[in-house]
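# Observations on chain architecture
Letter by letter, the chains look like this.
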Amino acid sequence: VIYEIDSVVPPSAADVFSINEKSGEIRLRGALDFEAVTLYDLQVKAKDKGTGPEAAAMGECGGAVLRVLVLQA
């Protein structure tokens, strides 16, 4: 399975997050600014890169939305 961030809301924050395509682990590339943005939505997709009829039937396995709420420290 290969993971990818399909979209980020707000779009201006697309470079704030990164994902490990093998594990699906999501990391920050920098600090989040509570005063600038308080909520991020990331659409994460998982794709099957296997072979055979099962993999062909699965194709894109689906996705999930991750909501990140930034709280003031």
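On a predicted model such as this, the values are computed, not experimentally measured, just so you know.

Cut-offs and rules
Residues numbered from 1 in each chain as written. Predicted model: local features only at pLDDT ≥ 70, side-chain atom pairs only at ≥ 80, totals over all residues. Heavy atoms only, no water. Helix = DSSP H or I, 4+ residues; strand = E, 2+ residues; numbered from the N terminus. Buried < 20%, exposed > 50% of the residue type's maximum accessible area, 1.4 Å probe, protein only. Contact = heavy atoms within 4.5 Å. Areas by Shrake-Rupley, 256 points an atom, 1.4 Å probe, with all protein chains shown as cover. Phe/Tyr/Trp six-rings, centres within 6.5 Å; stacked < 30°, edge-to-face > 60°.

### Observations regarding the overall build of the chain
Secondary structure summary: the chain contains 1 helix and 5 strands in total. Its helices and strands taken in sequence order, the chain reads β-β-β-β-α-β from the N to the C terminus. Scored against the burial criterion, the 73 residues of the chain give a buried share of 18%. In the chain, of all internal contacts separated by at least 6 residues, the share reaching a separation of at least 24 is 49%. Per element, the accessible surface of the chain, about 5200 Å² overall, is 53% carbon and sulfur.

### Some points on the packing of aromatic side chains
Any two aromatic rings considered together are summarised by their centre-to-centre distance and by the angle between their planes. Going through the model one piece at a time under the given rule, you end up with 1 aromatic pair. Ring geometry for Phe-17 versus Tyr-40: centroids 5.3 Å apart, planes at 75 degrees, classification edge-to-face. A residue pair is termed long-range when its members are at least 10 positions apart, and Phe-17 in strand β2 (residues 17-19) and Tyr-40 in strand β4 (residues 39-47) qualify at 23 residues. For Tyr-40, a relative accessible area of 4% puts it in the buried group.

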